[in-house]
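One letter stands for each residue in the lines below.
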Amino acid sequence: MLGSSFVNGRFKRSSTCDDPGHDYSPELAFARKGGEGPLALTMVDVENAKVHWVQTGIPADADGIDEHSLISGAREWGNDLGEATYDGPCPPAGETHRYRLTLYALDAPIDLTTAKTPTDAVRELGRVARARSSVEALYTRVH
């Protein structure tokens, strides 16, 4: 699932808070095995369970997401940083955190407006998904 926004399983700086001119959502590639329902995507900081990204409405035939883009029909939901967008890795200086990106295969579109928190949205996706795949990437903040 990791695309060109990663090197050796680590986020490139352009997809993190250390590059405030960018902090771009990463390029991701999907290895699809068929299916007709939409996809959803989340990114969670494993060390502190903070939700950085929730996206739904990704077309079933999508083979990935380009860096810093939103596929037509997709929607980003609120994250634990108070925004309905991607917020890149931003661990405390000197720490390495793991970020879990999970792709969910759904049977039907999902509306997460009733989710009270981003964590509730992630739980709901996990509950209704017919399949999921996860990968973890690291980021170490140096300053």
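See the structure above.
I will try to describe carefully the structure that is included in this document.

### Let's talk about the nonpolar core
- Counting residues in hydrophobic clusters, the biggest one holds 19 residues, and the most contacted among them are Phe-11, Phe-30 and Ile-58.
- Within the residue set of this core, elements represented by two or more residues are β4 (39–45), β5 (50–58), β8 (96–105) and β9 (131–140).
- Of all the elements, β8 adds the most residues to this core, at four residues.
- Setting aside residues no more than four positions away along its own chain, Phe-11 makes contact with Ser-5, Phe-6, Thr-16, Pro-26, Met-43, Tyr-86, Pro-89, Tyr-99, Leu-101, Ala-137, Leu-138 and Tyr-139.
- Ranked by size, the runner-up nonpolar core spans 13 residues in total, among them Ala-40, Leu-106, Leu-112 and Ala-121.

### What to know about the state of the cysteines
- Applying the stated criterion across every chain, the model contains one disulfide.
- Bridging Cys-17 to Cys-90, the disulfide has an S-S length of 2.1 Å. Measuring the twist about the S-S bond at about 80°, one finds the Cys-17-Cys-90 disulfide to be right-handed. Residue Cys-17 is located in the loop between β2 (10–11) and β3 (28–29), and its partner Cys-90 is located in the loop between β7 (75–76) and β8; the two are separated by 73 residues in the primary sequence.
- Looking at Cys-90, the relative accessible area reads 36%, which means it is partly exposed.

### Here we look at the environment of Phe-6
- Looking at the element boundaries, Phe-6 is found in strand β1 (residues 6–7).
- The class for Phe-6 is buried, based on a relative accessible area of 9%.
- Excluding its chain neighbours within four sequence positions, the residues that come into contact with Phe-6 are Phe-11, Lys-12, Pro-26, Glu-27, Leu-28, Leu-101 and Ala-137.

### Considerations on the pattern of salt bridges
- Enumeration according to the criterion identifies seven salt bridges in this entry.
- A salt bridge links Arg-98 to Glu-47; its shortest N-O distance comes to 3.0 Å. Residue Arg-98 is found in strand β8, and its partner Glu-47 is found in the loop between β4 and β5; the two are separated by 51 residues along the sequence.
- A salt bridge links Asp-107 to Arg-130; its shortest N-O distance comes to 3.0 Å. A residue pair is termed long-range when its members are at least 10 positions apart, and Asp-107 in the loop between β8 and α1 (118–128) and Arg-130 in the loop between α1 and β9 qualify at 23 residues.
- A relative accessible area of 40% means that Arg-130 is categorised as partly exposed.

Cut-offs applied
- Residues numbered from 1 in each chain as written.
- Predicted model: local features only at pLDDT ≥ 70, side-chain atom pairs only at ≥ 80, totals over all residues.
- Heavy atoms only, no water.
- Core = buried A, V, L, I, M, F, W, Y, C linked by side-chain atoms within 4.5 Å.
- Buried < 20%, exposed > 50% of the residue type's maximum accessible area, 1.4 Å probe, protein only.
- Helix = DSSP H or I, 4+ residues; strand = E, 2+ residues; numbered from the N terminus.
- Contact = heavy atoms within 4.5 Å.
- Disulfide = S-S within 2.5 Å.
- Salt bridge = Lys/Arg side-chain N within 4 Å of Asp/Glu carboxyl O.

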